[in-house]
Amino acid sequence: MRALTVLDDNWMGRPHTIGTALLESDGHRSIIDPGPGSTLETLRRQLQVHGVAVRDLDAVLLTHIHMDHAGATGALVRENPRLEVYVHSKGAPHMLDPTKLLASALRLWPNELQLLFGEMLPVPAANLRILEGGETLTFGSRELEVVYTPGHASHHVSYFDQQEGIAFVGDTAGVHIEGHPYIMPATPPPDINLEIWETSFAAILERKPARLFLTHYGFSENPTEHILLFRERLHKWAAAADKIIRSSASDSDAMDSFMTVTRAEIAQFLPLAEVEHYVFSAGLNLSFLGLARYLRKRASAAG
């Protein structure tokens, strides 16, 4: 028996914001991106609806270590000490000791970190399975190809189920709430890189998946069109941020201008309630901060 179930983590009481994929195959159960610590109880309930307890899980597969994707991992391992946690080598140190990750997140959310993301516990080294990309993971009768897909984060991987034609791409293909037409960049600090991102787009497209699964949120049914539209918008947003930064009197003015421009663009495609859903899901202010950091690093490197 093989099954794929989307579990809605209902982040901050908002459906279709963070999704965890439950993969079942011949008695083996894995989840991709368990979400933050703040939604752990929801994840537990969602698993129970499908007859699965945390103790029944065999593996946690992380696309990357940002708290909205990976924050609940340590708590899951504490509850189920036999869990294997798959993570890229660049992210593994932060799962062993999330102190630096938490300090960085606290700078971005000085007053809301606990509310948004809850607790992030360390994962013991014995539970970690280190990935570089290029591996094939076998879970029951399911095989997943691991591909290194940086750009959104230097520690990002994607998982490809060639038999079912599904690519689990985390944030590599942006934010796209299933059933809506808009694809939105998510470009938080600290290591956005548009040049490297191009190699990740190519890696996804060359595998010709039939569907993409995005953590934010659900399936996209036309991967080629999705990637091309997202790539175009990503570069458009970077160009807009560059222009706004150059013409603004301060960083705060630049952020306000960027958010006004991008929010107006989103509103061309979505009703108001969904505009807010997208802005919240992706963290629009963080997207500006990430692009601004990337543009300054690029300008400095160019001399």
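Residues numbered from 1 in each chain as written. Predicted model: local features only at pLDDT ≥ 70, side-chain atom pairs only at ≥ 80, totals over all residues. Heavy atoms only, no water.

Caption draft 1: Broad picture of the nonpolar core. In terms of nonpolar packing, the biggest core is built from 43 residues, with Met-184, Leu-194, Leu-212, Trp-237, Phe-258 and Ile-266 touching the most fellow members. Listed by contribution, the elements that provide at least two residues to this core are strand E10 (166-170), helix H7 (194-206), strand E11 (211-214), helix H8 (223-247), helix H9 (251-267), helix H10 (272-282) and helix H11 (284-301). Counting residues per element, this core draws most heavily on H8, which supplies seven residues. Not counting chain neighbours up to four residues away, the residues in contact with Leu-194 comprise Leu-234, His-235, Ala-238, Leu-291 and Tyr-294. Of all hydrophobic cores here, the second largest spans 36 residues; its members include Leu-43, Val-54, Leu-62 and Leu-116. (Core = buried A, V, L, I, M, F, W, Y, C linked by side-chain atoms within 4.5 Å. Buried < 20%, exposed > 50% of the residue type's maximum accessible area, 1.4 Å probe, protein only. Helix = DSSP H or I, 4+ residues; strand = E, 2+ residues; numbered from the N terminus. Contact = heavy atoms within 4.5 Å.)

Caption draft 2: Geometry of the packing of H9 against H11. Close contact between H9 and H11 brings their axes to 10 Å; oriented N to C, the two are set at 120 degrees. Here H9 lies oblique to H11, going by the angle between them. The interaxial crossing formed by H9 with H11 has right-handed handedness. Across the interface between the two elements, Asp-251, Ala-254, Met-255, Phe-258, Met-259, Thr-262 and Arg-263 of H9 pack against Leu-284, Asn-285, Phe-288, Leu-289, Leu-291 and Arg-296 of H11. Across the contact of H9 with H11, the residue classes tally to eight nonpolar, two polar and three charged. (Axes fitted to C-alpha atoms, helices over the stretch in contact; angles between N-to-C directions. Parallel < 35°, antiparallel > 145°, perpendicular 65-115°, else oblique. Left-handed = near helix turned anticlockwise from the far one by under 90°. Nonpolar A, V, L, I, M, F, W, Y, C, P; charged D, E, K, R; others polar.)

Caption draft 3: Structural view of the packing of H9 against H10. Packing of H9 against H10 brings their axes to within 9 Å, and their N-to-C directions diverge by 130 degrees. With respect to H10, the element H9 is oriented oblique. The handedness of the crossing between H9 and H10 is right-handed. The segment H9 lies against H10, with Arg-263, Ile-266 and Ala-267 engaging Val-275, Glu-276 and Val-279. Partitioning the contact of H9 with H10 into residue classes produces four nonpolar, no polar and two charged.

Caption draft 4: Just the layout of surface pockets, in detail. In this structure, the largest pocket spans a volume of roughly 900 Å³. Lining the largest pocket we find 39 residues, and of these Leu-108, Trp-109, Pro-188, Pro-189 and Leu-286 sit closest to its centre. Only helix H2 (67-70), helix H5 (99-108), helix H6 (113-117), H10 and H11 provide two or more residues apiece to the lining of the largest pocket. Ranked by residues supplied to the lining of the largest pocket, first place goes to H5 with six residues. Classifying every residue of the lining of the largest pocket by side-chain character gives 21 nonpolar, ten polar and eight charged. (1 Å grid on protein atoms, 1.4 Å probe; cavity = no way out; pocket = protein on both sides within 12 Å on 5 of 7 lines; lining within 4 Å. Points joined across faces, edges and corners; volume = space filled by probe spheres on them.)

Caption draft 5: Broad picture of the sheet that holds strand E9 (residues 157-161). The six strands are arranged E7-E8-E9-E10-E11-E12 in an open sheet whose pairing can be described as mixed. Each having just a single partner strand, strand E7 (136-139) and strand E12 (218-220) make up the two edges of the open sheet. Taking each pair of neighbouring strands and ignoring which way they run, the sheet shows an average axis angle of 25 degrees. Of the pairings in the sheet, the one linking E10 to E11 comprises four bridges and is parallel in character. Looking at E11, one finds that Ile-166 is bridged to Arg-211. Relative to the sheet, H8 contacts E11 and E12, its axis offset from that of E11 by approximately 55 degrees. (Pairing = 2+ DSSP bridges.)

Caption draft 6: Representation of the sheet that holds strand E1 (residues 2-8) in the model. Spatial strand order, E1-E2-E3-E4-E5-E6: six strands in an open sheet with mixed pairing. Each edge of the open sheet carries a strand with a single partner, namely E1 and strand E6 (128-131). Neighbour to neighbour, the strand axes of the sheet diverge by 20 degrees on average, direction disregarded. Note: strand E5 (residues 84-88) against E6, four bridges, orientation parallel. Bridge assignment links Val-85 to a residue of E6, and that residue is Leu-128. Across the sheet, helix H1 (residues 40-49) touches E1, strand E2 (19-25) and strand E3 (28-32), and the angle it forms with E1 is around 145 degrees.

Caption draft 7: Main features of the pattern of salt bridges. Counted by the stated rule, this structure contains 19 salt bridges. The partner of Arg-246 in a salt bridge is Asp-242, and the shortest N-O contact between them spans 3.1 Å. Of the two residues, Arg-246 and Asp-242 are both situated in helix H8; the distance of four residues between them amounts to about one turn of the helix. (Salt bridge = Lys/Arg side-chain N within 4 Å of Asp/Glu carboxyl O.)

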